[in-house]
Amino acid sequence: MASYAQVLSRAGVGLEAPLVEVEVHLQGGLPGFTLVGLPAAAVRESRDRIKSAIRNCGFKLPQRRIVVNLAPADLPKEGGRFDLPIAVGLLAAAGLLGAGIDTRLARVELLGELALTGAVRPIRGVLPAAIACARADRELFVPSSNVEEALLVAACKVTSAASLSEVVRLLERSDPDVDAPDSADAVSRSAAPEPEYPCLSEVRGQGHARRALEIAAAGGHNLLLSGPPGTGKTLLATRLPGLLPPLNESEAAEVAAIESIGTIGFDPANWRRRPFRAPHHSASHAAMVGGGSRATPGEISLAHRGVLFLDELPEFQRNVLEVLREPLESGVIHLSRAGYKVRFPASVQLVAAMNPCNCGFLGDGTNRCECAPGQIARYRNRISGPLLDRIDLHVHVPQQSLTALRRAPAGETTLAVRERVLDARATQMERSGKLNARLDVGELGRECRLGEMQLDMLEAAADRLQLSARAANRVLKVARTIADLAGREAIAAEHLLEAIGYRARDRTA
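Residues numbered from 1 in each chain as written. Predicted model: local features only at pLDDT ≥ 70, side-chain atom pairs only at ≥ 80, totals over all residues. Heavy atoms only, no water.

Colleague: Whenever I open this one, helix H7 (residues 164–172) confuses me. Can you help?
Modeller: Every α-helix carries 3.6 residues per turn, so stepping three or four residues along brings you back to the same face. The complete set of buried residues in H7 reads Leu 164, Val 167, Val 168, Leu 170 and Leu 171. Buried residues of H7, seen end-on, are gathered within an arc of 165 degrees and therefore sit on one face of the element. (Buried < 20%, exposed > 50% of the residue type's maximum accessible area, 1.4 Å probe, protein only. Helix = DSSP H or I, 4+ residues; strand = E, 2+ residues; numbered from the N terminus. Arc of directions from axis to C-beta.)

Structural data, given as structure tokens:
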């Protein structure tokens, strides 16, 4: 009777999905079940689940001591994902599987949590594991509930099972290619219809804010909307994802992988949908950047390749806002904790909304605001200057009467505006290989050259508005995007003036 077996699986730590070798030994001595290799509580509790599942599936283990080693030993193991590989390893070590099983197990990886009945339950983090299996050219066994998610990786050979008995039957088949699942679903997803988004035409009036939204979408710029309550700031923000181009296959897989390891998990219905995250202003530091006892992505990573919307910006805790400064520049977030070090992508487009004062009615034309100048200053000073410097477009969204809204003509649809956005983005990618918002200092000098008159204009505006060098560079980037939308190769004076106007109100309010 065999006394040793090895099964491959993937750990659910970060986006890398590191390989874990599940080594099972059957030793002499008193019966027992020992798990080593930094197992978390959920993994340690798998002993009773596994023994019950094996018994209820009709198998009988020998009365010997069981030692399971999860290697590498210094990598924390968490969740119920190791139930299935441990159970299969036990059956293989006990000689209860067919001949040649060792060769078969060397080519597959298994993920799944076991119920006491032997059913295989779904887990989180399947998509990163599927990506890693595709790279390693291994077949991946997943619970039936996770198969749709795993099939999103077209290059991965996926086998699904609903119970431990079914897993054993599939592993013992003489020809692994027989009865293999059809991966056509994964390929057909690339031709699936684009996700639907709310239409921009539903925003009545607010032509200036609509224009700023188009510029933000075209160049990937961060946007701050300021105005009284009920003027359409949130309505505008929710329309931004629809103006952005659809995610390509690699971007969609990246976004889905981040959601897959999150606390909620990935919904295949959201495939290729641009993320739109709108955390409440009571969100904590850890909720925004990620972390916790296990490496979990935060809101800024869950919004990767999409929009991070912060409504009531001054109401967020100061330390929560300050952690956004570095990832807004670099597009990544590094988490260093006592038990792990991970790197999550965080390339987001920030859209923030705020009221002009504590009561919200400053400048609405009704004279309802009773806030003192000191109160207004303290309210706005909750947002630091360095963070404001990283927001390219500062736009006032004024109050509109119901009569004006009723008489306002219907605006352009999302599709019409997106055509101009896509053309401008294509120009940027052809010119520099990146969006204007991501240009570094060296590229800025090449792509955003100004004439003598425009340089004098920018210097005068920087002096008057007290713009930092970073803010002045962002004005240049916005001017470059405005010129791209107009189909102009050079930045003209009107493009620069419009870009300066998007910083003026914040500095002179």
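Colleague: Would you mind showing me how to read the pairing of strand E16 (residues 341–345) here?
Modeller: For a regular strand, side chains alternate in direction, first toward one face of the sheet and then toward the other. In the sheet, strand E15 (residues 332–336) pairs with E16 via five bridges, with the strands oriented antiparallel. Note on E16: the bridge partner recorded for Ile 333 is Phe 344. (Pairing = 2+ DSSP bridges.)

Colleague: Looking at this structure, how should I read the environment of Ile 383?
Modeller: Position of Ile 383 among the secondary structure elements: in the loop between helix H16 (373–380) and helix H17 (385–389). Given a relative accessible area of 5%, Ile 383 falls into the buried group. As a C-alpha pair, Ile 383 and Ala 71 span 312 residues in sequence and 47 Å in three-dimensional space. Beyond its immediate sequence surroundings of up to four residues, Ile 383 is in contact with Leu 313, Pro 314, Met 354 and Leu 388. (Contact = heavy atoms within 4.5 Å.)

Colleague: What is the right way to look at the nonpolar core in this model?
Modeller: A general tendency of soluble globular proteins is for nonpolar side chains to be buried together. Within the largest apolar cluster, 48 residues are counted, with the highest numbers of intra-cluster contacts made by Leu 223, Val 351, Leu 393, Val 395 and Tyr 502. In terms of residues, this core owes the most to one element, helix H22 (residues 469–485), which gives eight residues. Ignoring anything within four residues of it in the chain, the contact list for Val 351 reads Leu 223, Leu 225, Ala 237, Leu 240, Val 307, Leu 308, Phe 309 and Leu 310. Ranked by size, the runner-up nonpolar core spans 43 residues in total, among them Phe 82, Ala 92, Leu 114 and Ala 161. (Core = buried A, V, L, I, M, F, W, Y, C linked by side-chain atoms within 4.5 Å.)

Colleague: Is there a simple way to explain the pairing of strand E4 (residues 65–71) in this structure?
Modeller: Among the seven residues of E4, five are classified as buried, and the element is accordingly described as predominantly covered. Pairing geometry for strand E2 (residues 19–27) and E4, over seven bridges, is antiparallel. Within E4, the residue paired with His 25 across the bridge is Val 67. The pairing of strand E3 (residues 32–36) with E4 spans five bridges and is parallel. Each residue of the ladder has a partner; that of Thr 34, found in E4, is Val 67.

Colleague: Honestly, the sheet that holds strand E10 (residues 223–226) in this entry has me stumped. Any pointers?
Modeller: Where strands meet in a sheet, backbone hydrogen bonds hold them as pairs that are either parallel or antiparallel. Pairing in this open sheet of five strands is parallel, and the strands run E11-E14-E17-E10-E18 from one edge to the other. Since the sheet does not close on itself, it has two edges, and those belong to strand E11 (276–277) and strand E18 (393–396), each with one partner. By the bridge criterion, four bridges tie E10 to E18 in an arrangement that is parallel. Pairing of Leu 223 across the sheet is with Leu 393, part of E18.

Colleague: Just to check I follow, could you spell out unusual backbone geometry for this structure?
Modeller: With the exception of glycine, the majority of residues adopt a negative phi angle, and the majority of peptide bonds are in the trans configuration. Put simply, Ala 71 and Pro 72 share a cis peptide bond, and its omega is 5 degrees. Relative to the assigned elements, Pro 72 resides in the loop between E4 and helix H3 (83–93). Look at Asp 137: it is not a glycine, yet its phi comes out positive at around 60 degrees. By secondary structure assignment, the location of Asp 137 is in the loop between helix H5 (126–136) and strand E8 (139–143).

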